[in-house]
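# Structural description and commentary
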Amino acid sequence: MIPFIDLAAQQKRIRPQIEAAMLRVLDHGGYIMGPEVQALEDQLSAFCGAPHTLSCANGTDALALILMAKQVGPGDAVFVPSFTFAATAEVVAWMGATVVFIDVLPDTFNMDPASLEAGVQKAKKLGLRPSGVIPVDLFGQPADYDAIASLAQAHGLWVMADAAQSFGGTYKGRKVGTLAESTTTSFFPAKPLGCYGDGGAVFTESNDLFEVLKSLRVHGQCADGDKYKNIRIGMNGRLDTLQAAILIEKLEIFPGEIIMRQSIADRYTKGLQDVATVPFVRKDCQSTWAIYTLKVDPLKRVAIMEGLKEKGVPSVIYYPLPLHRQEAYCAYPCATDSLPVSEALSQTVLSLPMHPYLEPETQDFIIQTFRDVVKQIG
Ligand SMILES: *Cc1c(COP(=O)(O)O)cnc(C)c1O
């Protein structure tokens, strides 16, 4: 079977650098908040242009840290797209706030501003306080931050970008990490910039927010660094030094990998545009192509996946059920009676292997197999 994401190919390329970086940590022994953590945060800020970067344990904690800093709680409505990974909504539920599910656009798969407006009206009707919005940059393409910002401003909402899949991307020439007051990302191994375990980060332009986040990351400790003086309820949300050391080496090759991902996406699109609906990326956006997702006839999807699998080509459905239909989340309100685009997408999407080291011959085999299977099904 062709790997869906080949992490080994990248490791082979930078194995000596990774080993040296890990050995440096073993030598200095600063496993928690060692020097690599600050160094990585500085390098991430330099990379994306965000004034402040706070590394943390994973992308879910990154989202939660901001909600904690915002003191989101019962009675607050937080607007989340339904077509996303569960973590985006999960953290809102942790806080006792109410998730209000928003529909997405059929072309970019990102939050639909018109549905957000409907969601705010729905929250008010339910007697909730509209608090904030969490646009998700699905599959690597930034959401429409200008449209969302103007609605957020009109309704007094904070905006937190869930960039778990899009770190490294751009929107109208601006880099992910600077597109909202705060941005979160994940360094889960399969994300475009991944470590060898769990990791995440928060980016913000706000000095005040950053000070609170630093405290929350270490059990709400006092700003003077006295560990045993707790001035707020926080968490243990630190990034391991070993993961920071690994990420420093991976960040080095990351810009080149985004270019490699783009050319692989282009090759798929060229080879498949007459047999499937290929991904749409706005002209003013750079996607990081975390995932390459096609739309196919829902009645043929299972047969296509089986045909691909028979030839050793893996395919995955991101996401088979929109969050508002999941058992854990179906009691939360939706912007409108149904969220038709999220519902339809969950029936039609299909993702193909995507990583920077996909060889042209392997990719051509995937493309040809897809074409053959579609033709065979008729
Ligand atoms: C991966 C992901 C997360 C969570 O990141 P973890 O590091 O796994 O906690 C959150 N949101 C989205 C959209 C993701 O894809």
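Bear in mind that the values here come from a model prediction, so they are computed numbers and not experimental data. (Residues numbered from 1 in each chain as written. Predicted model: local features only at pLDDT ≥ 70, side-chain atom pairs only at ≥ 80, totals over all residues. Heavy atoms only, no water.)

### Observations regarding the domain arrangement of the protein chain
Applied cut-off: Where each domain starts and ends comes from a domain assignment, either automatic or drawn from a database. Here, residues are in contact when the closest pair of their heavy atoms is within 4.5 Å. Put simply, buried area is how much 1.4 Å-probe accessible surface two parts lose in total, over both of them, once they are put together. Whenever Lys or Arg places a side-chain nitrogen within 4 Å of a carboxyl oxygen from Asp or Glu, that contact is recorded as a salt bridge. Polar contacts here mean pairs of N or O atoms no more than 3.5 Å apart (in protein, one a potential hydrogen donor and the other a potential acceptor; neighbouring residues in sequence count only if both atoms are side-chain atoms). In this text, helices come from DSSP runs of H or I with a minimum length of four residues, and strands from runs of E with a minimum of two, each type numbered from the N-terminal end. Think of it as three bins: nonpolar holds Ala, Val, Leu, Ile, Met, Phe, Trp, Tyr, Cys and Pro, charged holds Asp, Glu, Lys and Arg, and polar takes everything else, Gly as well.
Splitting the protein chain by domain gives domain 1 (7–249) and domain 2 (255–377). Inter-centroid distance (C-alpha atoms) of domain 1 to domain 2 is 25 Å. In this complex, domain 1 contributes 48 residues to the contact, which on the side of domain 2 involves 37 residues. Here domain 1 and domain 2 share an interface that buries about 3600 Å² over both sides, 62% of which is from carbon and sulfur atoms. It is F83, F101 and F139 in domain 1 that bury the most area against domain 2; as a group they hold 21% of the surface buried on that side. Between the two partners, domain 1 and domain 2, sit one salt bridge. Of the charged contacts, one joins D144 and R282 as a salt bridge, the two residues approaching to 3.3 Å between their closest N and O atoms. Where domain 1 meets domain 2, there are 20 residue pairs in polar contact (both at pLDDT 80 or more). Among the elements of the structure, α1 (7–28), α4 (87–94), β3 (98–102), α5 (113–125) and β6 (170–171) are those that each provide at least two residues to the side of domain 1 that touches domain 2. Residue contributions to the side of domain 1 that touches domain 2 peak at five residues, all from β3. Tallied by class, the residues present in the side of domain 1 that touches domain 2 amount to 25 nonpolar, 15 polar and eight charged.

### A closer look at the layout of surface pockets
What counts is decided by this rule: Of the grid points, spaced at 1 Å and generated over the protein atoms alone, those admitting a 1.4 Å probe that cannot get out make up cavities, while open sets with protein on both sides within 12 Å along at least five of seven lines make up pockets; any residue with an atom within 4 Å of a point is treated as lining. Grid points are joined across faces, edges and corners, and a volume is the space filled by probe spheres set on the points.
Approximately 430 Å³ is the volume attributed to the largest pocket. Surrounding the largest pocket, 23 residues form its lining, F85, Q165, S186, F188 and K191 being those nearest its centre. Residue assignment for the lining of the largest pocket shows that the elements contributing at least two residues are α3 (59–69) and α4. No other element matches α3, which puts three residues into the lining of the largest pocket. Here the lining of the largest pocket is built from residues that sort into 13 nonpolar, seven polar and three charged. Shared between two domains, the lining of the largest pocket takes at least three residues from each, and those domains are domain 1 (7–249) and domain 2 (255–377).

### Here we look at the site of the ligand
We apply this condition: The rule for a residue being near a molecule or strand is that one of its heavy atoms must lie within 4 Å of it. The method behind every accessible area is Shrake-Rupley, applied with a 1.4 Å probe, and residues are considered shielded solely by the protein chains displayed. In this scheme, a molecule is assigned to a cavity or pocket if more than half of its atoms are within 2 Å of the grid points.
Around the ligand, a shell composed of 14 residues is seen, among which G59, T60, D162, S186 and K191 lie nearest. Separating an oxygen atom of the ligand from a side-chain N or O atom of T60 is a distance of 2.5 Å. One of the side-chain nitrogen or oxygen atoms of Q165 is found 2.8 Å away from an oxygen atom of the ligand. Calculation on the ligand without its partners gives an accessible area of 380 Å², and the protein chains cover 92% of this total. Taken atom by atom, the bulk of the ligand overlaps the largest pocket. At the level of secondary structure, the elements contributing two or more residues to the shell around the ligand comprise α3 and α4.

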